[in-house]
Amino acid sequence: MSNNNNPKTSITTPKIGGWDTDVLILGSGVAGLTTAIKLAKAFPNKKIIVATKDQKDESNTKYAQGGVAVVWDKFDSFESHIQDTLRAGDHENDEKIVRMVVEKAPQSLQELIDWGADFDFKDPLNYDLGKEGGHSAHRILHHKDITGFEIQKTLLEKVTQLSNIEVLPHHFAIDIITQHHTEKRKLNFGDADITCFGAYIMNEKTQEIDTYRAKVTLIATGGAGQVYASTTNPVIATGDGIAMAYRAKALVSDMQYQQFHPTALYEPGKSPAFLITEAVRGFGAYLRNKEGVRFMLQVDERAELASRDIVARAINMEMNRSGAECVYLDCTHLDAKGFIKHFPNIVEKCSSIGIDFTKDFIPVVPAMHYLMGGIVIDKEGQTSIKNLYANGESTRSGLHGANRLASNSLLEALVFGHQIAQHIIENTSILESKLPAIPAWNTEGTTDPKELVLITHNKKSVQYIMSDLVGIVRSNERLIRALDHLDYIYQDTEKLYKKVTLSPQIVELRNLNTIAYLIVKQSMEMKQNKGAFYSLDL
Ligand code: FAD
Ligand code: SIN
């Protein structure tokens, strides 16, 4: 499978106009908005555009439930959070990055609180710190079971107070701009001088693809849960930023590591799957198989609170053994009043489908939840491409290793938002760099698609190939089969892409196919099982 960059740009058709900005941020989740706020405060005279493909609050961030991990309690320690993160990551993490993120966490959380985020207290002086799998202490700051919603709201409110940030909803980034477009140069992975000059962005209302020139560009487009048929991620999570970066020849790694959340609500045919937060197990819920046995007791000394890779694999094995379609969360022994106070959203969802948690077990299954791999960044959030930064779930920062510790993701985005801003503050010349003339996006020779069914069929095919062949348990034979099928879809999608007027659907399909290809290829390179990666042949 080749990874040619967009064939539709032409240097012979320069665009008059377009938009210039100092900083261009792609994505309005926690990673994009935190970085935008930090930069806007540091550089009140510089213009920051945040382009985001859906409504401005639609993101994985908005659905986060459990909370944010941070050492806050006087009986907890940085060393303990560091060791938990390394153990969950099967020691594939970059320990320097782990230390940096854990040690900077309290400062980043305090900043978020100062911006208005409201976390739950257990008494007037102390936060109610939750516990989740893999953590050896109570250290999760949360807002009921809708922490992400609270963070997304706080950040968007803060953004409205900063006049130098402009948020553009329904603006879909297609590709980042490099010398591939300005000089028609063939770029290779590892070229030291690849430079980013902004991005081509589709205004979804007008369908125009515009040129946004920027001195600094940030990819904060989140994860790629939608590459699987069953996922907790909303429909925006199609790995666009990772695919764009890869096409531009940025380094992308660790794509073989997907985190399957152990406890998505079992509702056949429902997508995205509703999450039952791990904090429910932290609150004392048990996992039981269809015979009612607490099977995790035989698997790990931490039982239900082992790290996610271990619990998800154990559930998968249990379902294979018994032929059952799900396992169960048992909350019937828990303090009902306390449960309702902590998890009102989950209680409401369960009762809406006839489940009374005080009497009934909640049926759950693992679902794709989080991508550990992504665009390689250093401790300042710089990618391998000049003037291109990345933050959040689209990155491989080294924090998570082979399996992310629960509630370390929102934290990563908060700390790296700080790191990126600090790096630009210390290197302000980046904001003075000259930008070249950039050719307009060329739509010549394309026509509107006659029917969308070819696109939706290919998207579903990618999702089922990945769920059936590249799930929690992999094998050489399954990976080879997946690659064969994906290759056919790739050829078909490329033909369509060159022929039809671009739409978010065709671009997302192309990006999902790239993500699937990277997951399979990087899985094939694995020499041993690590963290969330498990092959029957190793
Ligand atoms: P997102 O929040 O996904 O934001 C990505 C943004 O990019 C969106 O605005 C999207 O519309 C935009 N975008 C995407 N593609 C394009 C494009 N082509 N052009 C323009 N814009 C684009 N983590 C925790 O730490 N604690 C938790 O409790 C927790 N709970 C979770 C519960 C659920 C159900 C889910 C799905 C995830 C949870 N996570 C949790 C993970 C965490 O929410 C995410 O990893 C994190 O929010 C990612 O933030 P982000 O800013 O990188 O991406
Ligand atoms: C959850 O609340 O279980 C999700 C937490 C996370 O993904 O970190």
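The structure presented is a predicted model; accordingly, all values stated were derived computationally and were not measured.

Rules used in this analysis
Residues numbered from 1 in each chain as written. Chains lettered and ligands numbered in written order. Predicted model: local features only at pLDDT ≥ 70, side-chain atom pairs only at ≥ 80, totals over all residues. Heavy atoms only, no water. Near = heavy atom within 4 Å. Polar contact = N/O pair within 3.5 Å; in protein donor to acceptor, adjacent residues only side chain to side chain. Helix = DSSP H or I, 4+ residues; strand = E, 2+ residues; numbered from the N terminus. Nonpolar A, V, L, I, M, F, W, Y, C, P; charged D, E, K, R; others polar. Areas by Shrake-Rupley, 256 points an atom, 1.4 Å probe, with all protein chains shown as cover. Pairing = 2+ DSSP bridges. Salt bridge = Lys/Arg side-chain N within 4 Å of Asp/Glu carboxyl O. Buried < 20%, exposed > 50% of the residue type's maximum accessible area, 1.4 Å probe, protein only. Phe/Tyr/Trp six-rings, centres within 6.5 Å; stacked < 30°, edge-to-face > 60°. Expected span 1.5 Å × (residues − 1). Core = buried A, V, L, I, M, F, W, Y, C linked by side-chain atoms within 4.5 Å. Contact = heavy atoms within 4.5 Å.

**Q** Report on the site of ligand 1, specifying residues and quantitative values.
**A** Taken together, the neighbourhood of ligand 1 is formed by 37 residues, with Thr-61, Gly-67, Asp-240, Glu-393 and Ser-409 sitting nearest. A distance of 3.2 Å is found between an oxygen atom of ligand 1 and a backbone nitrogen or oxygen belonging to Val-30. Within the backbone of Gly-67, a nitrogen or oxygen atom sits 2.8 Å from a nitrogen atom of ligand 1. Going through the elements one at a time, helix H1 (30-42), strand E9 (171-176), strand E16 (362-371) and helix H11 (409-426) are the ones with two or more residues in the shell around ligand 1. If one sorts the elements of the shell around ligand 1 by residue count, E9 sits on top with 3 residues. When the residues that make up the shell around ligand 1 are grouped by side-chain class, the tally is 12 nonpolar, 20 polar and 5 charged.

**Q** Tell me what's going on with the site of ligand 2, and back it up with residues and numbers.
**A** In the vicinity of ligand 2, the contacting residues are Gln-65, Gly-66, His-261, Leu-275, Thr-277, Glu-278, Arg-308, His-369, Arg-404, Ala-406 and Ser-407. Between Arg-308 and ligand 2, the recorded distance is 3.0 Å, taken from a side-chain N or O atom to an oxygen atom. Protein contacts shield 92% of the accessible area of ligand 2, which totals 260 Å² for the unbound molecule.

**Q** Give me the lowdown on the pairing of strand E15 (residues 327-330), citing residues and values where you can.
**A** The side chains of a regular strand alternate between both faces of the sheet. Pairing of strand E14 (residues 286-288) with E15 involves 3 bridges; the strand directions are antiparallel. Counterpart to Leu-287 in the pairing with E15 is Leu-329. Note that E15 and E16 share 3 bridges and pair antiparallel. What sits directly across from Leu-329, in E16, is Ile-362.

**Q** Describe the sheet that holds strand E17 (residues 374-376), and please don't skip the residues or the numbers.
**A** Pairing between the strands of a sheet comes from backbone hydrogen bonds, and it takes one of two forms, parallel or antiparallel. Pairing is mixed across the open sheet formed by 3 strands, whose spatial order is E12-E17-E19. Either end of the sheet is taken by a strand with one partner, and the two such strands are strand E12 (252-253) and strand E19 (395-396). Where E17 lies against E19, 2 bridges are found, and the strand directions are parallel. When the sheet's bridge partners are listed, Val-376 is paired in E19 with Arg-396.

**Q** Can you lay out the pattern of salt bridges for me, pointing to particular residues and giving the numbers?
**A** Evaluation of the coordinates by the stated rule reveals 32 salt bridges. Across the pair Lys-38 and Glu-111 runs a salt bridge whose closest N-O atoms are separated by 2.8 Å. Taken together, the residues span a long stretch of sequence, with Lys-38 in helix H1 and Glu-111 in helix H3 (residues 95-114) at a distance of 73 residues. Overall, the relative accessible area of 23% leaves Glu-111 in the partly exposed class. We note a salt bridge from Lys-349 to Glu-267, for which the minimum N-O separation is 3.4 Å. Of the two residues, Lys-349 is situated in helix H10 (residues 344-352) and Glu-267 in the loop between strand E13 (258-265) and helix H7 (279-282); the sequence distance between them amounts to 82 residues. Glu-267 carries the same exposure label as Lys-349, and that label is buried.

**Q** Account for the packing of aromatic side chains, with residues named and values stated.
**A** If you walk through the whole model with that rule in mind, you get 12 aromatic pairs. With centroids separated by 5.4 Å and ring planes inclined at 85°, the aromatic side chains of Tyr-228 and Phe-260 adopt a geometry described as edge-to-face. Note that Tyr-228 is positioned in the loop between strand E11 (209-219) and helix H6 (240-247) and Phe-260 in strand E13, a separation of 32 residues in sequence. Using a relative accessible area of 11% as the deciding quantity, one classes Phe-260 as buried. Measuring from centroid to centroid gives 5.6 Å for Phe-283 and Phe-343, while their planes differ by 85°, and the two rings are edge-to-face. Here Phe-343 lies in the loop between helix H9 (336-342) and H10 and Phe-283 lies in the loop between H7 and E14, a separation of 60 residues in the sequence. Assessed through its relative accessible area of 4%, Phe-343 is described here as buried.

**Q** Which residues make up the environment of Lys-450, and what values go with them?
**A** With respect to the helices and strands, Lys-450 occurs in the loop between strand E20 (439-441) and helix H12 (453-469). Between the C-alpha atom of Lys-450 and that of Val-500, which follows or precedes it by 50 residues, the distance is 8.9 Å.

**Q** Kindly report on unusual backbone geometry, identifying the contributing residues and their values.
**A** The linkage connecting Ser-271 with the following residue, Pro-272, adopts the cis geometry, with an omega of -5°. The residue Pro-272 is located in the loop between E13 and H7 in this model. In the Ramachandran plot, Lys-144 falls in the positive-phi region, its phi being about 45° despite a non-glycine side chain. In this structure, Lys-144 sits in the loop between strand E7 (140-141) and helix H4 (147-160). For Lys-144, a relative accessible area of 35% gives the class partly exposed.

**Q** How would you explain H11 if you had to name every residue and give the values?
**A** With 18 residues, H11 should cover 26 Å at 1.5 Å per step; its first-to-last C-alpha distance of 26 Å lies within 8% of that length. With 15 of 18 residues buried, H11 lies mostly within the body of the structure.

**Q** Tell me about the nonpolar core, and name the residues and values.
**A** The biggest cluster of nonpolar side chains holds 126 residues, and the ones touching the most others in it are Leu-26, Ile-174 and Met-466. No other element matches helix H14 (residues 504-524), which puts 10 residues into this core. When residues no more than four places from it in sequence are discounted, the contact partners of Met-466 are Val-227, Tyr-228, Gly-471, Leu-486, Ala-516, Ile-519 and Val-520. Among the nonpolar cores identified, the runner-up in size contains 30 residues, and Ala-279, Ala-285, Val-311 and Phe-357 belong to it.

**Q** For the environment of Leu-125, give the residues involved together with the corresponding values.
**A** Mapped onto the elements of the fold, Leu-125 is located in the loop between strand E5 (121-123) and strand E6 (126-127). Among the residues examined, Leu-125 registers a relative accessible area of 75% and is labelled exposed. Note: C-alpha distance between Leu-125 and Asp-484 (359 residues apart in sequence) is 59 Å.

**Q** Explain H14 to me, and be specific about the residues and the numbers.
**A** Over its 21 residues, H14 runs 30 Å from end to end, which matches the ideal 30 Å to within 8%, given 1.5 Å per residue. Along H14, 18 of the 21 residues are buried, which leaves the element largely enclosed by surrounding structure.

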